[in-house]
Amino acid sequence: MTIHDVDDGGAQSGSAATDQVPVAPPVTDMRVRSPKPPPLRVGPPQAMPTSAGGSELLAGLSGRPERLPRNWDAFQGEDGHTYCRQKGPSNDPVLRVGSPAMNAVLRAAAAGADISLRGAGLDGNNNSFRAFAGRAGGRVPVWYRVSPIPNGVEIDLCDEVNTRVRITPGTVEIVARGSETLFRRTPVSRPMAKPAEVGNRRLLAKYLNVHVTAVPLLVGWLSYVLAHPKVPTNKFPILVLQGGQGSGKTSLTTNVILPLTDPNAVGVQILPNTPRDLAIAAQNAHVLAYDNVRSFKPAMSDVLCIAATGGAISHRQLYTDADQHVVRLHVALILNGLHMFVTQGDLAQRCLPIQLERLPEAKRRTEAELRNAFEADLPAIQRGLFDLIARIFEYLPTAEVTNPERMIDFVRWLAAMEVVDRVPPGVYQAEYSHVLKEGQYDTLMGNVLAAAVLAFVERSVDDWWTGTPSELYEALADAVDHSTARSREWPSNPIAMSKRLRGLQASLLSQGVSVEFGRGKLREITIEKKGDLK
């Protein structure tokens, strides 16, 4: 299997998802003031059109028709699939030809004409749609949940009347008809809450059992994910939720985060074993959530990096042929687990680690109580997030980045959010840098070589050390106990040590330790302490 990484932030190596948290105090210590909500424009209500034109659809597709039935069109999507829709006055979702939804439309049309459509007849109708799309030529973008539009985004609520939410700088608009954006849905897609007339994102804080300083980061992630469609230039920080037993990781993801961003019938899942399974799931979701993650191999760590920044995987279409099949891999991810499972520095730089606090017994609620309470607040919270996105769009072009990190677009988003919330510049950005540094430190301490380097630097009298790889290998071996030096995790020789150190350079630098490799015959390595160690 070949993995193609299109991340322009640095090189690296190598199923569709939705379902007692304590009360957290409001963010009063950061002097947050509620901004005036953008205006809400609501279009006239529009009933969902009939799914098919009765016998007209079947008559138009009988035999070898010269044209499609009235009000129907077929086209090829950019993903290579053929889609069709019945054009009408409302916002119609497109149907993938050959999908269960499209087949249901064809069968319903057949039933209206007293025709039994099955097997070869069904395939023939689908092939007719494909033929029309092929003759039309060109490929049309079809989106899932979030689409780019000029100066903003459009979000598909996935409700029965096909409501869209159009967000541009300073404006949130409910679009009941007239949208030209093409959205598709999957069998597990579920509707988002209809936003209230007046939003209140502050209601969200009471459902988040995190430290008060982490609330803006989590709200920033929620709004960022909703405001960014899956285009190659967009990068999604991986939300990593960690906490002990009883901290409500799964409940928070299922009952709060997914309903706000990408509700679906599946909910949290087990992390798939293969990149191909992850890529297929990513094609059918805007957000994927994986539960109880314990560990994964470095190769899967690389695949998660690609999912966050965008790329593709390729494999043979069939084991019996040489045709290559490419699957796009790009999705917002949520990972949670009891233990520290991010062990690669490259992945740690793409994460937003959030530590959940244990739920006190007195504040525990049943799943039904939590759902009922949150569903009552959901429309106001949803509108509040949309309002926040609209305001951030206003300030994003001039936002001041004070703490650049690898996921620079998310940092800039936080910078604009600081302006919206009227907090001093750099407050949210500094907190993000802090949790990143903490997460990378935990990652390094889980790596025996990195931990040895940190211990070596901390014990050194001087702020720098220079020597050959063999000299450093001996010095580090003296810094660890005998069992560690003989373990499989310890490099077997100076060459293996040098290779591993190169992969740890960025993470060590985040902790104030610079590792530089010299040129020449001796290939000397210089280790320098550039700041206070953790």
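Above this text sits the structure in question.
All of these numbers come straight from a predicted model, not from anything done at the bench.

Asks: Lay out a negative patch on the surface with the relevant residues and their values.
Replies: Taken together, Glu471, Glu474, Asp478 and Glu524 make up a surface patch of like negative charges. Along the chain, Asp478 turns up in helix H13 (residues 469-479).

Asks: Describe the pattern of salt bridges, and please don't skip the residues or the numbers.
Replies: Overall, the coordinates contain 16 salt bridges when judged by the stated rule. Between Asp73 and Arg85 there is a salt bridge, with the nearest N and O atoms lying 3.5 Å from each other. Here Arg85 lies in strand E4 (residues 82-86) and Asp73 lies in strand E3 (residues 72-77), a separation of 12 residues in the sequence. Taking the shortest distance from any N to any O, the salt bridge between Arg166 and Glu154 comes out at 3.0 Å. Of this pair, Arg166 sits in strand E9 (residues 164-168) while Glu154 sits in strand E8 (residues 152-156); the two residues are 12 residues apart in sequence, bridging distant segments of the chain.

Asks: I'd love a proper account of the nonpolar core, names of residues and values included.
Replies: Core analysis: the largest hydrophobic core is formed by 66 residues, its most contacted members being Ile167, Trp221 and Tyr432. Per-element accounting of this core gives the leading share, 11 residues, to helix H9 (residues 367-395). Within the second largest apolar cluster, 30 residues are counted, among which are Leu271, Phe296, Cys305 and Leu347.

Asks: Would you mind going over the environment of Pro89 in detail, with residue names and values included?
Replies: Structurally, the position occupied by Pro89 is in the loop between E4 and strand E5 (95-96). Taking the C-alpha atoms as reference, Pro89 lies 6.2 Å from Arg177; in sequence the two are 88 residues apart.

Asks: Which residues make up H13, and what values do they have?
Replies: Listed in full, the buried residues belonging to H13 are Pro469, Leu472, Tyr473, Leu476 and Ala479. On an axial view of H13, the arc spanned by its buried residues comes to 120 degrees, and they lie on one face. Seen from the open side of H13, the exposed residues pointing more than 90 degrees away from its buried face are Glu474 and Asp478. Where H13 is buried, its residues touch helix H12 (448-459), strand E17 (464-467), helix H15 (494-510) and strand E19 (525-529).

Asks: Report on the packing of helix H4 (residues 215-226) against helix H5 (residues 249-261), specifying residues and quantitative values.
Replies: Remark: H4 packs on H5, axes separated minimally by 9 Å, with the N-to-C direction vectors making an angle of 30 degrees. Together, Trp221, Leu222 and Leu226 of H4 and Ile257, Leu260 and Thr261 of H5 make up the contact between the two elements. Per-class residue counts for the contact of H4 with H5 are 5 nonpolar, 1 polar and no charged.

Asks: I'd like a description of the packing of helix H2 (residues 100-112) against helix H3 (residues 120-136), backed by residues and values.
Replies: Between H2 and H3, whose axes approach to 11 Å, the crossing angle comes to 115 degrees. Classified by the angle their axes make, H2 and H3 are roughly perpendicular. Considering only the axes of H2 and H3, their crossing is right-handed. Contacts between H2 and H3 involve Met102, Asn103, Leu106 and Arg107 from the former and Leu122, Asn125, Asn126 and Phe129 from the latter. Partitioned by chemical class, the residues of the contact of H2 with H3 number 4 nonpolar, 3 polar and 1 charged.

Asks: I'd like a rundown of the sheet that holds strand E12 (residues 287-290), residues and numbers included.
Replies: Paired through backbone hydrogen bonds, the strands of a sheet run either parallel or antiparallel to each other. One open sheet holds the 4 strands; their spatial order is E12-E15-E11-E16, and the pairing between them is parallel. Every interior strand has two partners, whereas the edge strands, E12 and strand E16 (351-355), have only one. Averaged over all neighbouring strand pairs, the angle between strand axes comes to 15 degrees, with direction disregarded. Direction of pairing for E12 relative to strand E15 (residues 332-337): parallel, over a ladder of 4 bridges. Its bridge partner lying in E15, Leu288 is registered against Leu333. Its contacts with the sheet put H4 on strand E11 (238-242), E12, E15 and E16, and the angle it makes with E15 is roughly 145 degrees.

Asks: Which residues make up helix H7 (residues 298-309), and what values go with them?
Replies: Across its 12 residues, H7 extends 17 Å between first and last C-alpha, which sits within 8% of the 16 Å expected from 1.5 Å per residue. Of the residues making up H7, those classed as buried are Met300, Ser301, Asp302, Val303, Leu304, Cys305, Ile306, Ala307, Ala308 and Thr309. Looking one or two places after H7, you find Gly310, whose phi comes out positive at around 100 degrees.

Analysis parameters
- Residues numbered from 1 in each chain as written.
- Predicted model: local features only at pLDDT ≥ 70, side-chain atom pairs only at ≥ 80, totals over all residues.
- Heavy atoms only, no water.
- Patch = residues over 30% accessible without salt bridge, like charges linked within 9 Å, V, L, I, M, F, W, Y side chains within 5 Å.
- Areas by Shrake-Rupley, 256 points an atom, 1.4 Å probe, with all protein chains shown as cover.
- Salt bridge = Lys/Arg side-chain N within 4 Å of Asp/Glu carboxyl O.
- Lys, Arg positive; Asp, Glu negative; His and termini not counted.
- Charge placed at Lys NZ, Arg CZ, Asp CG, Glu CD.
- Helix = DSSP H or I, 4+ residues; strand = E, 2+ residues; numbered from the N terminus.
- Core = buried A, V, L, I, M, F, W, Y, C linked by side-chain atoms within 4.5 Å.
- Buried < 20%, exposed > 50% of the residue type's maximum accessible area, 1.4 Å probe, protein only.
- Arc of directions from axis to C-beta.
- Contact = heavy atoms within 4.5 Å.
- Axes fitted to C-alpha atoms, helices over the stretch in contact; angles between N-to-C directions.
- Nonpolar A, V, L, I, M, F, W, Y, C, P; charged D, E, K, R; others polar.
- Parallel < 35°, antiparallel > 145°, perpendicular 65-115°, else oblique.
- Left-handed = near helix turned anticlockwise from the far one by under 90°.
- Pairing = 2+ DSSP bridges.
- Expected span 1.5 Å × (residues − 1).

Purely geometric stuff here, so don't read any function into it on its own.
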